[in-house]
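Residue-level structure breakdown
Listed below, chain by chain, are the residues.
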Amino acid sequence: MRAVSPRTLALGAMALCLLATLMFTTASLRLTYITDSAGVRQVMFTPESDPTRLMSLSGLEAEEGDRIYYTAFGGNLATLNIERAFSVTLEVDGAEQTIRMAFGTVADALEKAGVVLGPDDYTVPSLDSFVTVGSKIEVHRVEYVETTEYQTIPYETEYIYTSLYYRDTDRATTVQSGSNGECVITSQERWVNGELENSTVVDVTTTVEPRDSIIKVYGEGAPVSPLTGPDGTTNPPTSYSRVLNGKATGYYAKSGKGSSGLGLGYGTVAVDPDIIPYGTLLYIASPDGKFVYGYALATDTGIALQDGRVLVDLFYETYAESVINGAINVNVYVVG
């Protein structure tokens with residue numbers, strides 16, 4: 001057997017070391033696929049796994065807002081994905097600012113920009129919308145303000161019609177003077193970005209009630225009395241037991257009751273109880289119909305009535321009206 005020289009042994013050992021080194025290096029290499037959202041595609045065969053080093057080796061540079069993802073797989077495969085950031089514009093509080101981000105929602109953009117929304121603020125587009133290249137986000141500041149306003153409530157005028165004024169049809173008497181009322185109107189104003197968008201009334205409270213003006217004026221055939229007949233109206237009766245004709249005068253008294261013990265007011269009259277018993281329902285009008293006292297109850301009496309000088313004395317709630325009545329020839333219909 002031929003002996004192996006030392007030089008040959010040394011060369012063999014060196015070859016084995018090189019082979020081992022090559023095998024180790026090959027085993028640690030990875031096939032790395034590099035993708036860039038800007039369109040760059042590269043493939044590298046390298047043992048490097050640090051994303052920053054890989055970026056440098058590939059000649060790529062990371063910019064503000066970029067997202068870099070490195071993933072190693074089995075079989076010596078790996079990927080390096082670069083999501084390039086884009087500009088997103090925000091309009092907020094009267095100013096415009098730009099941020100860069102690779103992906104996310106409007107809410108993410110606001111967080112990145114340090115913008116905090118109030119409880120009623122809103123954005124266009126909405127917070128859950130995803131931003132894209134060229135997105136523009138509008139932040140709308142909303143404030144609700146409650147206001148109060150005092151407003152006049154004008155009084156109304158009510159007219160009472162009476163045939164008592166048939167001798168002077170232009171006459172008008174103020175029974176009650178009118179006065180305005182007042183109310184407080186509470187509104188809620190919605191202000192968006194410092195401008196009033198709308199105002200809604202949320203409450204109206206009357207603090208002073210208005211007092212209506214009441215004026216008594218002439219009305220042809222309008223009865224003085226508010227009482228109604230058996231049919232529930234102030235129309236002349238369709239049936240009655242008898243008709244008496246005679247003089248009617250007017251009177252006024254501060255006492256609240258007549259001789260019968262019954263109350264006094266428009267629609268009560270004084271009579272001779274021997275002719276017309278107390279409590280009798282009457283209908284009284286002049287024969288020509290120009291004056292109508294209307295339905296009345298016999299509740300009182302007096303000397304002129306008992307001695308026959310006056311058939312009926314008509315009660316008025318003011319002295320002035322009793323004077324206006326004067327002496328009138330009337331028909332007295334005994335209704336019931």
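Residues numbered from 1 in each chain as written. Predicted model: local features only at pLDDT ≥ 70, side-chain atom pairs only at ≥ 80, totals over all residues. Heavy atoms only, no water.

1. Some details on the packing of aromatic side chains
Convention followed: Within 6.5 Å between ring centres, the rings of Phe, Tyr and Trp (the latter by its six-membered ring) count as paired, and their orientation is classed by plane angle as stacked under 30 degrees, edge-to-face over 60, tilted in between. Helix numbering and strand numbering both begin at the N terminus, where a helix is a DSSP run of H or I of at least 4 residues and a strand a DSSP run of E of at least 2.
Considering all chains together, one arrives at six aromatic pairs under this definition. Aromatic pair Tyr240 and Tyr333: ring centres 4.9 Å apart, planes at 70 degrees, arrangement edge-to-face. Taken together, the residues span a long stretch of sequence, with Tyr240 in the loop between strand E14 (213–218) and strand E15 (242–251) and Tyr333 in strand E20 (residues 328–334) at a distance of 93 residues. Between Tyr293 and Tyr316, the aromatic rings sit 5.9 Å apart at their centres with planes inclined by 85 degrees, giving edge-to-face as the arrangement. You can see Tyr293 sitting in strand E18 (residues 292–300) and its partner Tyr316 sitting in the loop between strand E19 (312–315) and helix H5 (319–325), a full 23 residues away along the chain.

2. Looking at the sheet that holds E18
To keep it simple, the criterion reads: DSSP-based pairing: two strands are paired if at least 2 bridges between them are found. Note on method: axes are straight lines fitted to C-alpha atoms, helices fitted across the in-contact stretch only, with angles between N-to-C directions ranging 0 to 180 degrees.
Pairing within the closed barrel is mixed, and its six strands lie in the order E15-E19-E16-E18-E17-E20. Between one strand and the next, the sheet's axes are offset by a mean angle of 45 degrees, whatever the strand orientation. Bridging between strand E16 (residues 268–270) and E18 involves three bridges; their strand directions are parallel. Looking across to E18, one finds that Val269 is bridged to Ala298.

3. A word on the environment of Leu29
To keep it simple, the criterion reads: Accessibility here uses a 1.4 Å probe with only protein chains present; expressed as a share of the type maximum, an area under 20% marks a residue as buried, one over 50% as exposed, and anything in between as partly exposed. We call two residues in contact when some of their heavy atoms are within 4.5 Å.
Inspection of the secondary structure assignment puts Leu29 in the loop between helix H1 (6–28) and strand E1 (30–36). In this structure Leu29 comes out as buried when scored by relative accessible area, which is 14%. It is 9.8 Å that separates the C-alpha atoms of Leu29 and Ser49, two residues lying 20 residues apart in sequence. Those residues in contact with Leu29 that lie beyond four places of it in its chain are Phe45, Thr46, Pro47 and Asn76.

Shape descriptors only; they carry no functional weight alone.
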